[in-house]
Every structure is written in structure tokens, then in C-alpha cells.
Amino acid sequence: MRAEYRILWHLPDGTTLESDGYAPLNLLAHAEILGIPLPQACGGQAECGTCRVRVLRGDLTPPSGDERVLVEDHRKQFAPDERLSCRARPRSDLELVLRRRRPRDLRED
Ligand code: FES
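Quick caveat: nothing in here was measured; it's all calculated off a predicted structure.

Trainee: What's the story with helix α1 (residues 27-34) in this structure? I'm lost.
Mentor: Every α-helical turn comprises 3.6 residues, leaving residues that sit three or four positions apart pointing alike. Here α1 has its buried residues at L27, L28, H30 and A31. For α1, the angular spread of the buried residues around the axis is 160 degrees, confining them to a single face. G35 occupies a position one or two residues after α1 and carries a positive phi of about 75 degrees.

Structure follows, in C-alpha cells:
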């Protein structure tokens, strides 16, 4: 697979990592390939919100219906620039920030 983009990751430990970005893969799959510790309590089903990341720069695929429902149901838990990594695929070079603390599992609300 040919890399279309570059992704700059700001990791929870304060370090950064630059990687290739692939349009067909969501951000959670990128993190798994790279060994980045991105939580995924629901296994990528857009139910828990633990995989959310802040998007400092770049374009992603638009939110899917299930992502929009989760965000609307838990609006106070999401910063305006956060997306579910299990539902977002790159459409440009990106700069992403992972939360220092594991986000709360929204299924526990
Ligand atoms: S892994 Fe649960 S919402 Fe993405």
C-alpha cells in the first residue's frame, strides 16, 4: 500500500512520532500498526469514545452516522476538535494529539 499522507502524532508521554498515512485506513488502524497506545474499549464500534483524538491540523473523512450519534449523546465529553479514531480516515497530512489520560468509556454513563 502506498502512503498518501504524513501524520504527526503527539503521544500521551509527551513525545511525537511521524508516520505514513493511508487513505483506506482509519486512525485506529494506523495506531495499531505503529504500536501507539490508543484505547479502544469497544473494539472500534463507535460506542465507547475511548479512541478519540484531537485533530490539530488536517482533513479527515466526515463523521459517520454512529459517530454523530455518540457525540450528540455525550456532547460535553467531546472537545470541538475531537474525532473517533475508529471512524476517521485521513484526507490530508494530519497532526493529532492523544489524551494524556485515558478517556472515560461513554458506555458507563
Ligand atoms: S474504539 Fe470505541 S468508539 Fe472507537
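Further notes follow.
Trainee: Would you take a moment to explain the environment of N26 for this structure?
Mentor: Mapped onto the fold, N26 is located in the loop between β2 (16-21) and α1. Classification of N26 by C-beta neighbours within 10 Å gives buried; the count is 21. For the pair N26 and R57, spaced 31 residues apart in sequence, the C-alpha separation works out to 16 Å. Residue contacts for N26: discarding those within four places in its chain leaves S85, C86, R87, A88 and R89.

Trainee: I tried to follow the environment of D20 on my own but got confused; where do I start?
Mentor: With respect to the helices and strands, the residue D20 is situated in strand β2. Judged by the 16 C-beta atoms lying within 10 Å of it, D20 falls in the partly exposed class. Once the C-alpha coordinates of D20 and A46 are considered, the two residues, 26 residues apart in sequence, prove to be 24 Å apart. Excluding residues that lie within four positions of it along the chain, D20 makes contacts with A3 and R6.

Trainee: Quick question: what am I supposed to make of the sheet that holds strand β4 (residues 82-84) here?
Mentor: Sheet strands line up and pair through hydrogen bonds in the backbone, either parallel or antiparallel. Strand order in the open sheet made by the five strands is β2-β1-β5-β3-β4, with mixed pairing throughout. Of all strands in the sheet, those bounded by a partner on one side alone are β2 and β4. Sheet twist, expressed as the average angle between the axes of neighbouring strands with direction ignored, equals 35 degrees. Across four bridges, the pairing between strand β1 (residues 5-10) and strand β5 (residues 94-98) is parallel. Within the sheet, the bridge partner assigned to I7 lies in β5 and is L94. Strands β1, β2 and β3 (52-57) of the sheet are contacted by α1, whose axis makes an angle of about 115 degrees with β2.

Trainee: Could you clarify how one ought to interpret the nonpolar core in this entry?
Mentor: Inside soluble globular proteins, nonpolar side chains tend to come together where they are buried. Residues L28 and L96 are the most contacted members of the largest nonpolar core, which totals 16 residues. Only β1, α1, β3 and β5 provide two or more residues apiece to this core. If sequence neighbours within four positions are ignored, L96 has contacts with I7, W9, H10, V53, R54, V55 and L56.

Trainee: When you look at the pairing of β5 in this model, what are you seeing that I'm missing?
Mentor: Along any regular strand, the residues point their side chains to alternate faces of the sheet. Across the two faces of β5 the burial differs, with L94, L96 and L98 buried and E95 and V97 not buried at all. Bridge count for β3 against β5 is four bridges, and the pairing is antiparallel. Each residue of the ladder has a partner; that of R54, found in β5, is V97.

Conventions and cut-offs
Residues numbered from 1 in each chain as written. Predicted model: local features only at pLDDT ≥ 70, side-chain atom pairs only at ≥ 80, totals over all residues. Buried ≥ 20, exposed ≤ 12 C-beta atoms within 10 Å, placed from the backbone. Helix = DSSP H or I, 4+ residues; strand = E, 2+ residues; numbered from the N terminus. Arc of directions from axis to C-beta. Contact = placed C-beta atoms within 7 Å. Pairing = 2+ DSSP bridges. Axes fitted to C-alpha atoms, helices over the stretch in contact; angles between N-to-C directions. Core = buried A, V, L, I, M, F, W, Y, C linked by C-beta atoms within 7 Å.

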